[in-house]
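# Analysis of the macromolecular model
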Amino acid sequence: MTSSSSAMILLLILLASSHLAVYAANLNQDFDITWGDGRAKILNNGELLTLSLDRASGSGFQSTNEYLFGKIDMQLKFVPGNSAGTVTAYYLSSKGSIWDEIDFEFLGNLSGDPYIVHTNIYTHGKGNREQQFYLWFDPTSNFHTYSILWNPRSIIFSVDGTPIREFKNFESMGVPFPKTQPMRLYSSLWNADDWATRGGLVQTNWTQAPFTASYRGFKANACVLTSGKSSCTGKSPLSTSTNEAWLREELDTIEQERLKWVQSNYMIYNYCTDSKRFPQGMPPECGITRGS
Ligand SMILES: *[C@@H]1O[C@H](CO)[C@@H](O)[C@H](O)[C@H]1NC(C)=O
Ligand SMILES: *[C@@H]1O[C@H](CO)[C@@H](O)[C@H](O)[C@H]1NC(C)=O
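Because the structure is predicted, anything quoted here is derived from the model rather than measured.

### A few points about the site of ligand 2
As a structural note, the neighbourhood of ligand 2 is formed by N205, T207 and Q208. Between ligand 2 and N205, the relevant distance is 2.4 Å, taken from an oxygen atom to a side-chain nitrogen or oxygen of the residue. Here an oxygen atom of ligand 2 and a side-chain polar atom of T207 are 3.0 Å apart. In the complex, 23% of the free accessible area of ligand 2, which totals 360 Å², lies under the protein chains.

### A short note on the pattern of salt bridges
Once their charged atoms are close, side chains differing in charge can pair, the charge on each being opposite to the other. One pass over the structure, following the stated rule, counts 8 salt bridges. Close ionic contact of E130 with R277 constitutes a salt bridge, the shortest N to O distance being 2.8 Å. Here the residue E130 occupies a position in the loop between β8 (116-122) and β9 (131-133), and R277 occupies one in the segment after β16 (267-270), the gap between them amounting to 147 residues. According to the relative accessible area criterion, E130 is buried, its value standing at 15%. For E257, the salt bridge goes to K260, with nearest N and O atoms at 3.6 Å. Separated by 3 residues within a single helix, E257 and K260 lie in helix α3 (residues 253-265), roughly one turn from each other. For K260, a relative accessible area of 49% translates into the label partly exposed.

### Considerations on the state of the cysteines
A covalent bond between the sulfur atoms of two cysteines is what we call a disulfide. A full pass over the atoms with the stated rule returns 2 disulfides. Disulfide pairing is shown between C223 and C232; the S-S distance is 2.1 Å. Its S-S torsion of about 100° marks the bond between C223 and C232 as right-handed, since a negative value means left-handed. Between the sulfur of C272 and that of C286 lies a disulfide, 2.0 Å long from S to S. Here C272 and C286 share a disulfide; its torsion about the S-S bond, -75°, makes the bridge left-handed. Remark: C286 occurs in the segment after β16 and C272 occurs in the segment after β16; sequence separation between them is 14 residues. Cysteine pairing for the chain, with bonded cysteines counted in sequence order: 1-2, 3-4.

### Observations concerning the site of ligand 1
The immediate surroundings of ligand 1 are formed by L107, G108, N109, D113, P114, I116, Y134, A196, T197 and R198. One nitrogen or oxygen atom from the side chain of N109 is found 2.5 Å from an oxygen atom belonging to ligand 1. Burial of ligand 1 by the surrounding chains reaches 75%, relative to a free accessible area of 360 Å². Partitioned by chemical class, the residues of the shell around ligand 1 number 5 nonpolar, 3 polar and 2 charged.

### Some remarks on the nonpolar core
Most often, soluble globular proteins keep nonpolar side chains buried together rather than apart. Y90, L92, F104, Y146, W150 and Y215 are the most contacted members of the largest nonpolar core, which has 58 residues in total. No other element matches strand β14 (residues 211-226), which puts 7 residues into this core. Excluding residues that lie within four positions of it along the chain, W150 makes contacts with Y67, L68, F69, G70, L92, I102, I155, F177, P178, Q181, M183 and W246. Grouped together as the second largest cluster of nonpolar side chains are 5 residues, V87, I116, A192 and A196 included.

### Here's the deal with the packing of aromatic side chains
Applying the stated criterion across every chain, the model contains 22 aromatic pairs. Measuring from ring centre to ring centre gives 5.7 Å for W136 and F137, while their planes differ by 90°; the resulting arrangement is edge-to-face. Among the residues examined, W136 registers a relative accessible area of 27% and is labelled partly exposed. A relative accessible area of 18% means that F137 is categorised as buried. Plain terms: the ring middles of F167 and F177 are 6.2 Å apart, the flat faces sit at 5° to each other, and that makes the pair stacked.

Calculation rules
Residues numbered from 1 in each chain as written. Chains lettered and ligands numbered in written order. Predicted model: local features only at pLDDT ≥ 70, side-chain atom pairs only at ≥ 80, totals over all residues. Heavy atoms only, no water. Near = heavy atom within 4 Å. Polar contact = N/O pair within 3.5 Å; in protein donor to acceptor, adjacent residues only side chain to side chain. Areas by Shrake-Rupley, 256 points an atom, 1.4 Å probe, with all protein chains shown as cover. Salt bridge = Lys/Arg side-chain N within 4 Å of Asp/Glu carboxyl O. Helix = DSSP H or I, 4+ residues; strand = E, 2+ residues; numbered from the N terminus. Buried < 20%, exposed > 50% of the residue type's maximum accessible area, 1.4 Å probe, protein only. Disulfide = S-S within 2.5 Å. Nonpolar A, V, L, I, M, F, W, Y, C, P; charged D, E, K, R; others polar. Core = buried A, V, L, I, M, F, W, Y, C linked by side-chain atoms within 4.5 Å. Contact = heavy atoms within 4.5 Å. Phe/Tyr/Trp six-rings, centres within 6.5 Å; stacked < 30°, edge-to-face > 60°.

Printed below as a string of structure tokens:
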């Protein structure tokens, strides 16, 4: 082997390991366990976080940072087996009575029956924007990446890089959009058997407890608020240029096609088609179609 090719290999190894370092973020630094009396744990030197739920209590954590826009990825693996009645909530939220919130909730089910991915968006304290989906894989057998992109143009929910929902900024048409209140990331595992599984028909079977959900691979390109000042990250480890492309990112044509694929094959509820719920008229964003 020539010395230049071994130098090249060494360089590649260095680049690869610096790239990995971004993924192997230390969950001890990024999150605080907030409740659950020992049921939430950060393991393997900060690589893995687990939440558990038993009859006495669930558990939860929150991000140490507050974000004002971000592209946030996390790998999650949900409660396996009979998870009916359990809900894993994973969301961004600001504080106060006119809060903003970007919500993922994962509703458990009996063994072999599908999880529901429930999403909602609150702007200025008002939600009622639910959309629900099934997944195209079993989310309990492996880790999968669940992402929230929140930038001034839109909010995009994705699963393994496939967009499942887009909420565009239609402020110009009178639809409020979250953009001034910083949000923290929260997650919790709790018992919601009064509504979660088949509308509350299937109760949590406590003989299966403790129930456990797992988290790893946290990655945030975000604008982080430190003592009132916001600073944005997004520097790519493989280049010297700052790359804040996520702040302007929108769905490209291929992603729009994939979003349509999800919506026509896996969407099971859409508030925008539930006219019974809105006798006074549909929410304004429902009447606005993409300019395609
Ligand atoms: C649970 O499985 C049933 C039957 O397949 C399905 O109707 C329901 O949507 C599934 N999910 C939840 C959370 O109830
Ligand atoms: C709860 O799970 C146990 C063990 O699998 C099973 O024997 C029992 O029938 C389940 N209870 C209900 C109410 O389904």
